[in-house]
Amino acid sequence: MSWVQATLLARGLCRAWGGICGAALTGTSISRVPHQLPQGLHCSAAAHSSEQSLVSSPPEPRQRPTKALVPYEDLFGQAPSGERDKASFLQAVQKFGEHSVRKRGHVDFIYLALRKMREYGVERDLAVYNQLLDIFPKEVFRPRNIIQRIFVHYPRQQECGIAVLEQMESHGVMPNKETEFLLIQIFGRKSYPMLKLLRLKLWFPRFMNINPFPVPRDLSQDPVELATFGLRHMEPDLSARVTVYQVPSPKDSTGAADPPQPHIVGIQSPDQQAALARHNPARPIFVEGPFSLWLRNKCVYYHILRADLLPPEERVRWGWHHPEGWNLYYPMQLDLEYSRSAWDDYEFDINEVEEGPVFAMCMAGAHDQATLAKWIQGLQKTNPTLAQIPVVFRLTGATGELHTSSAGLEEPLPPEDREEDDSLQRQQQGQS
Amino acid sequence: MALFHKVLRGTYILRKCSKPTSALHPFLGIRFADYSSSLQKPVASPGKASSQRKTEGGLQGHHQKEVALDITSPEEKPDVSFDKAIRDEVMDHFRRLKDEIVNHWKGPEGRPLQEALLEQAKVVWHFRGKEDLDKWRVTSDKTIGGRSEVFLKMGKNNQSALLYGTLSSEAPQDGESARSGYCAMISRIPRGAFERKLSYDWSQFNTLYLRVRGDGRPWMVNIKEDTDFLQRTNQMYSYFMFTRGGPYWQEVKIPFSKFFFSNRGRIRDVQHELLLDKISSIGFTLADKVDGPFFLEIDFIGVFTDPAHTEEFAYENSPELNPRLFK
């Protein structure tokens, strides 16, 4: 064997050890920090494409049709008229199988297919992943004797199998029995892809249901339903009522005379209603917003109606009220603490942040004062006292995604209650 | 001994002037980056530090503001010498050492033993002022070339801390990272006299308590143990914290038995429970692969004993993955 062949072999072996040892032995990844990325995974694909570019850059004497830089990419581009969906993806996969019985270059094809999955929208489809694993020739990569078992048998293919499982893991796809059977057929029971499958089967069920506020994967795109779901997500009170004040007008191509009206959905619980009824009309209430709420990967914005914190002298003392049937003979209210003994103290000795009460929340399509004024008008139907209370709009800019610290507006703004006949005069205090 | 004194002098030079000049001490050339990142503001009193900085002559852009504000009047001569500053620092450290030794006689951390033993709820970090923010540092994937940004500031009315920024999962084009996009807020390791590393002892508590207000994103809480004897830089115990979003404050209780062990970002096969007697730092990470702005408001972080929680450890080891444990 010449020295060139020897160095190439040595380099390949080094990469094999480094790749497998780096990636497979360290278990399932939980965080997205790419500390340990195997060299092998990227060396093989990158090296191949660089070789291709080196080959195709010098002008060739013969007229050749321009080759794609990545091999087999034309397989994916062969249905430009058709939309990119699962059927065309599977068709491309099948076409690769028809090329040769020996499935030459299947590793590169699988890496390319993994990259293309997101475009075709199939990254969370388990059947597609199983089809992708099906591309591997079966029974070839299984180790047959102890020497093959000691040294990583077919390291590039094992890395490729791990890459498929890693993409499944990062999209939260749970493998099933078919995946397990395929991996046993392809790599054998003691291989690294099989180990990774074991880890997926161990850790996924442990973390599947730990979210106390789950958001379904397929959220509806309808804005009213999204707003309803979002408002219910935020409001801990289960007896709160969601009201749709305005339905978005359908967008027709004729171009209606009035501009399309945005949706307005509000939520209010009975406790909040009672608190608003008790609210002192001399103090203003504020419409603050918009604040952002993330539902999986969709960001929606909401506004809140709240009042400032009452100064300490005006706060209601939680004393013992005398009900009507006050009686000297029997205690009308018992204040027993059943669980705690004298030495138990589970309170944190810190004053928690106190903020003013929230009276209602809403999600609207537009964040301007006109839309929110419609919301307030809708709220007035169920809260008649709202008509007497001055409402101040503290709206941030159109892209106010963050909780803005209104440090400059700590003191309550002076309300101007010029009340007209039946509509309320509103003042806008815009913040830049 | 002389070398130790020189090292000590060198460290105090760095503490006094925020600009590390290699001319002062060539020995500490390597550790400059570490110190400059840990220093946000000079610790000494403004009068001494500003005049001392002036006499130093090494002015950075971000110091020019402070120097401009401290305009000394002509009759008052800045009377600070470099040696005096170092002497003050040394005396300060010796005082802290004395306090530590005396407190050890009184009880753990200077509190009487019966108070420390019967304690069932303890506030470890609260955010009521700017000095509370100095106990934390923020990192993002900018260190590896990504595009996420993260900032930490005091929230409304100085009553909470607001961690906000933008997450971007665009991978850096450095040829070795395929994924990216994380932001983290990590607490600084508590230091004692002479900048010794100390640790928290939470062995009588069993639940972590956080009062936060998020925007619906899932966060990860990471706890790191003390690296006194064993090198445990890349090992941490983590669990998820799901925020609800909305204007209401959310109370998150995570029992310590739920934390799983991971090394260099990957869950290990062999899991063991988090031992609470030497905790070095806690951190919050956001890496949910969704691009966009985020915020998290934290009121305080505490630990308490939940009497209803009797679980010791939530994850059992599997004989398929670890046959050697079950021999």
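Residues numbered from 1 in each chain as written. Chains lettered and ligands numbered in written order. Predicted model: local features only at pLDDT ≥ 70, side-chain atom pairs only at ≥ 80, totals over all residues. Heavy atoms only, no water.

Draft legend 1. Main features of the overall build of chain B. Scanning chain B from N- to C-terminus turns up seven helices and 13 strands. By residue count, 47% of the 327 residues in chain B fall in the buried class. Nonlocal contacts in chain B, meaning residues at least 24 apart in sequence, comprise 71% of its contacts between residues at least 6 apart. About 17,000 Å² of surface is accessible on chain B, with carbon and sulfur atoms providing 55% of the total. (Helix = DSSP H or I, 4+ residues; strand = E, 2+ residues; numbered from the N terminus. Buried < 20%, exposed > 50% of the residue type's maximum accessible area, 1.4 Å probe, protein only. Contact = heavy atoms within 4.5 Å. Areas by Shrake-Rupley, 256 points an atom, 1.4 Å probe, with all protein chains shown as cover.)

Draft legend 2. Helix α10 (residues 192-207) of chain A, seen in detail. Taking 1.5 Å of rise per residue, 16 residues should cover 22 Å, and α10(A) covers 22 Å from first to last C-alpha, within 8% of that figure. Check the buried side of α10(A) and you find it contacts α8 (155-170) and α9 (177-187) of chain A together with β8 (235-242), β10 (260-263) and β11 (266-267) of chain B. (Expected span 1.5 Å × (residues − 1).)

Draft legend 3. Local environment of the interface of chain A and chain B. Each partner contributes to the interface: chain A provides 62 residues, whereas chain B provides 68 residues. Taken over both partners, the interface formed by chain A and chain B buries close to 6,100 Å², and the fraction arising from carbon and sulfur atoms is 60%. For the pair chain A and chain B, the number of links is six salt bridges. In this structure, Glu352(A) engages Arg211(B) in a salt bridge whose closest nitrogen and oxygen atoms are separated by 3.8 Å. Counting across the interface, chain A meets chain B through 13 residue pairs in polar contact (both at pLDDT 80 or more). Among the secondary structure elements, those contributing two or more residues to the side of chain A that touches chain B are α2 (39-56), α8, α10, α11 (223-234), β3 (285-295), β4 (298-307) and β5 (358-364) of chain A. Element by element, the count of residues in the side of chain A that touches chain B is highest for α10(A), at seven residues. Counted by class, the side of chain A that touches chain B contains 26 nonpolar, 20 polar and 16 charged residues. (Buried area = accessible area lost by both parts, 1.4 Å probe. Salt bridge = Lys/Arg side-chain N within 4 Å of Asp/Glu carboxyl O. Polar contact = N/O pair within 3.5 Å; in protein donor to acceptor, adjacent residues only side chain to side chain. Nonpolar A, V, L, I, M, F, W, Y, C, P; charged D, E, K, R; others polar.)

Draft legend 4. Focus on the confidence of the model for chain B. All names here are of chain B. Averaged over all residues, the pLDDT of chain B equals 80, while 76% of them reach at least 70. Note that residues 16-68 has pLDDT below 50 and, in this model, 53 contacts with residues that lie over four places away or in other chains. In the predicted assembly, ipTM is 0.73 and pTM is 0.73. (pLDDT = per-residue confidence, 0-100.)

Draft legend 5. How the structure looks around the domain arrangement of chain B. All names here are of chain B. What the domain assignment reports for chain B is domain 1 (88-119) and domain 2 (120-304). Taken over C-alpha atoms, the centre of domain 1 sits 27 Å from the centre of domain 2. Carbon and sulfur atoms supply 41% of the area that domain 1 and domain 2 bury against each other, a total of about 930 Å² over both sides. It is His93, Glu100 and Glu119 in domain 1 that bury the most area against domain 2; as a group they hold 57% of the surface buried on that side. Taken together, domain 1 and domain 2 are joined by two salt bridges. With a shortest N-O distance of 2.2 Å, arginine 196 and glutamate 100 are connected by a salt bridge. Where domain 1 packs against domain 2, one counts six residue pairs in polar contact (both at pLDDT 80 or more). Where the side of domain 1 that touches domain 2 is concerned, the elements lending two or more residues are α5 (82-106) and α6 (113-118). The dominant element in the side of domain 1 that touches domain 2, judged by the number of residues it contributes, is α5, at five residues. (Domains from an automatic or database assignment.)

Draft legend 6. Broad picture of helix α5 (residues 106-120) of chain A. Residue and element names in this part refer to chain A. The end-to-end C-alpha separation of α5 is 20 Å, in line with the 21 Å expected for 15 residues at 1.5 Å each. A maximum bend of about 30° is found in α5 at leucine 114. Most of α5 is tucked away, with twelve of its 15 residues classed as buried. Of the residues making up α5, those classed as buried are His106, Val107, Asp108, Phe109, Ile110, Tyr111, Leu112, Ala113, Leu114, Lys116, Met117 and Tyr120. Directly after α5, the chain includes glycine 121, whose backbone phi takes a positive value near 75°. (Bend = angle between axes of the 7 residues up to and from the residue.)

Draft legend 7. Quick peek at the environment of Thr207(B). Residues and elements named next belong to chain B. With respect to the secondary-structure elements, threonine 207 resides in strand β6 (residues 207-213). Remark: the alpha-carbon pair of threonine 207 and glycine 302, spanning 95 residues in sequence, is separated by 8.7 Å. In this structure, threonine 207 is in contact with Lys253, Ile254, Pro255, Phe256, Gly302, Val303, Phe304 and Asp306, ignoring residues within four places of it in sequence. In terms of polar contacts, threonine 207 uses its side chain to reach the side chain of asparagine 206, at 2.8 Å.

Draft legend 8. Just the nonpolar core, in detail. In terms of nonpolar packing, the biggest core is built from 50 residues, with Trp202(B), Leu208(B), Phe259(B) and Phe284(B) touching the most fellow members. Ranked by residue count, the leading element in this core is strand β13 (residues 292-304) of chain B, at five residues. What Phe259(B) contacts, discounting residues up to four positions off in sequence, is Leu208(B), Val221(B), Ile223(B), Tyr237(B), Ser238(B), Tyr239(B), Ile254(B), Leu274(B), Phe313(B) and Tyr315(B). Grouped together as the second largest cluster of nonpolar side chains are 39 residues, Phe109(A), Leu133(A), Ala163(A) and Leu182(A) included. (Core = buried A, V, L, I, M, F, W, Y, C linked by side-chain atoms within 4.5 Å.)

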